[in-house]
Amino acid sequence: MDLAVVTKYSALYSKPSGLILQYGTAGFRTKAEHLDHVMFRMGVLAVLRSKQTKSTIGVMVTASHNPEEDNGVKLIDPLGDMLAPSWEEHANCLTNADEQDMLRVLMDISQREAVNLQQDAFIVIGRDTRPSSEKLSQSVIDGVTVLGGQFHDYGLLTTPQLHYMVCCRNTNGQYGKATIEGYYQKLSDAFMELSKQASCIGHEYKSLKVDCANGIGALKLREMEHYLSPGLSLQLFNDGTKGKLNYLCGADFVKSYQKPPMGMEMKSNERCCSLDGDADRIVYYYYDVEGCFHLIDGDKIATLISSFLKELLLEIGQSLNIGVVQTAYANGSSTRYLEEVMKVPVYCAKTGVKHLHHKAQEFDIGVYFEANGHGTVLFSKGAEAKIRQLAKELEDKEKKAAKMLENIIDLFNQAAGDAISDMLVIEAILALKGLTVQQWDALYTDLPNRQIKVKVADRQVISTTDAERRAVTPPGLQEAINDLVKKYKLSRAFVRPSGTEDVVRVYAEADSQESADSLAHEVGLAVFQLAGGIGEVPRPGF
Ligand code: G16
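- The name recorded for the protein in an unreviewed UniProt entry is Phosphoacetylglucosamine mutase, from Erinaceus europaeus.
- UniProt lists a comment for the protein under the heading Pathway (unreviewed entry), and it reads "Nucleotide-sugar biosynthesis; UDP-N-acetyl-alpha-D-glucosamine biosynthesis; N-acetyl-alpha-D-glucosamine 1-phosphate from alpha-D-glucosamine 6-phosphate (route I): step 2/2."
- Checking UniProt for the protein, the heading Function (unreviewed entry) contains the comment "Catalyzes the conversion of GlcNAc-6-P into GlcNAc-1-P during the synthesis of uridine diphosphate/UDP-GlcNAc, a sugar nucleotide critical to multiple glycosylation pathways including protein N- and O-glycosylation."

Here you go:
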């Protein structure tokens, strides 16, 4: 490694003075114009991680649900999962080092992690459709090559597709082929196999309206469509030809505002769904005959999937343990339903799929979903082997159930939450069970809830504990929340600093929408007063 060259190149990507960024919930995110040096340095860091693990590492350029003007970057570890926490710390040190310290920090990381700098390194890169993403991914490539790393640039990909590619490359193709065609083929084969098992697929299961948030999901679903034909036909909205990324559309908008996306043509009782900007989240919804909007979020997705998996396990006589992992945002009704009606153990993790993913790995079958629609299902190696063996050995009805489980294993993207894969799993389950969207929705009734964002001077003044359900600082905030919660029935509220946007998030639920709105607003005011608010606290209800 020629250190002089590293120093020379690094100077071309100089860090804006005073800018400090944190590797947050899903990597670094901020305004795109501040990210050049971060991209270069993450290219460099990915090479170190690749040399250390002797594996392919992924670098994804995206800010997912954030506004189009933002961008971001995250590294993907060898199994296709999120970067190890100790390396998140290295990412922070390297990103925030002043120019003259950059090389010293780099060498320090190499030494602490015992990186053999002579080892080969291979990096795969993907990017979303943001106007800034192409240039920023070139900065990543410059960081990779300056340290002598080899790379493959997949260009435009959804985030979960890049996770899939990394996983395939590091498991010698056992997980699938590390090409976009390999991804489509694997998922569509499993989906078509499952669809064949549905005794009579009515017309309503053959088509679905999808809001693509004006993002990469539209391009990738267009490419995939013919693999799904004639099983499922997709009608795409917000496909990026007119609107702005994530603007008044997409999964985050629909979940946060509990409204349909702009530009979607919805008839009553018609099943519709929204992806987010990089297609790692999905939520469903419909209008009932009275014109009332119904949101089916990640909690109900987890419930549908876990009840289906439980039924199949019962049919094949297996008592593999299933656990469901949620976050503090999970609706109280969903947790109650899972625990009391379905008798499934439920765990609460901190926000961020990286936290849920790790908890889910503790079960034979770990179902994890955030209420915002980000999640997947993980099957332990033992559970997968058992199911595949039973699919060969069993007969008749049991064989059919085991085969379905086998197809479900292949249909889930087990490397990361994936809106496309989740959508196909949901579509298959609804068809197999003959469930309408209304019947799915009727599994339980959500407690009315509201989420708002409050701007403060420094969101890090808020720290939390108990999987983010209680505030530790600033002093007096939790006490204020406790007092406010007491004013409402069936109520709960919490606050936490976002790890992807410069805001504090406030969540409240209560027995009526008015109460949830009012509680969210009052808690927002407490945050504003005690944590240095800026501007004004939004009035929920819009
Ligand atoms: C990312 C993470 C999610 C998280 C969301 C919001 O989603 O992957 O796990 O729930 O950010 O995080 P926060 O509340 O900390 O801003 P995405 O879809 O933007 O990648």
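The rest of the description comes next.
### Some thoughts on the site of the ligand
Working step 1: The immediate surroundings of the ligand are formed by 19 residues, with Thr25, His65, Glu370, Ser498 and Thr500 found nearest.
Working step 2: Residue Asp280 places a side-chain N or O atom 3.2 Å away from an oxygen atom belonging to the ligand.
Working step 3: Contact distances for the ligand include 2.5 Å between an oxygen atom and a side-chain N or O atom of Ser498.
Working step 4: For the ligand, the accessible surface in isolation is 460 Å², of which the surrounding protein chains cover 98%.
Working step 5: Here the residues of the shell around the ligand are counted per class, giving 2 nonpolar, 10 polar and 7 charged.

### So, the pattern of salt bridges
Working step 1: Applying the stated criterion across every chain yields a total of 33 salt bridges.
Working step 2: Note that Asp108 is salt-bridged to Arg112, the shortest N-O span being 3.5 Å. Taken as a pair, Asp108 and Arg112 lie in helix H4 (residues 102–112) at a separation of 4 residues, close to a single helical turn.
Working step 3: Given a relative accessible area of 59%, Arg112 falls into the exposed group.
Working step 4: The partner of Asp517 in a salt bridge is Arg450, and the shortest N-O contact between them spans 2.6 Å. On the criterion of sequence distance, the pair formed by Asp517 in helix H18 (residues 513–530) and Arg450 in strand S15 (residues 449–454) is long-range, its members being 67 residues apart.
Working step 5: Given a relative accessible area of 6%, Arg450 falls into the buried group.
Working step 6: Salt bridges linked by common partners bring Glu384, Arg388, Lys403, Glu406 and Asp410 together as one network.

### Observations concerning the sheet that holds strand S8 (residues 272–275)
Working step 1: Ordered by their spatial adjacency, 5 strands build an open sheet running S7-S6-S8-S9-S10, and the pairing between neighbours is mixed. In this open sheet, the two strands that pair with only one neighbour each are strand S7 (233–237) and strand S10 (293–296). Mean inter-strand twist for the sheet, computed between neighbouring axes without regard to direction, equals 30 degrees.
Working step 2: Pairing of S8 with strand S9 (residues 282–287), which is carried by 4 bridges, proceeds in the antiparallel orientation. If you follow Ser274 over to S9, its bridge partner there is Val283.
Working step 3: In the packing of helix H8 (residues 216–228) onto the sheet, the strands contacted are strand S6 (207–211), S7 and S8, and the crossing angle to S7 comes to about 165 degrees.
Working step 4: Its contacts with the sheet place helix H9 (residues 250–257) against S6, S8, S9 and S10, and it is angled at close to 115 degrees to S8.

Cut-offs applied
Residues numbered from 1 in each chain as written. Predicted model: local features only at pLDDT ≥ 70, side-chain atom pairs only at ≥ 80, totals over all residues. Heavy atoms only, no water. UniProt positions renumbered as here; feature names shortened; annotations may be inferred. Near = heavy atom within 4 Å. Polar contact = N/O pair within 3.5 Å; in protein donor to acceptor, adjacent residues only side chain to side chain. Areas by Shrake-Rupley, 256 points an atom, 1.4 Å probe, with all protein chains shown as cover. Nonpolar A, V, L, I, M, F, W, Y, C, P; charged D, E, K, R; others polar. Salt bridge = Lys/Arg side-chain N within 4 Å of Asp/Glu carboxyl O. Helix = DSSP H or I, 4+ residues; strand = E, 2+ residues; numbered from the N terminus. Buried < 20%, exposed > 50% of the residue type's maximum accessible area, 1.4 Å probe, protein only. Pairing = 2+ DSSP bridges. Axes fitted to C-alpha atoms, helices over the stretch in contact; angles between N-to-C directions. Contact = heavy atoms within 4.5 Å.

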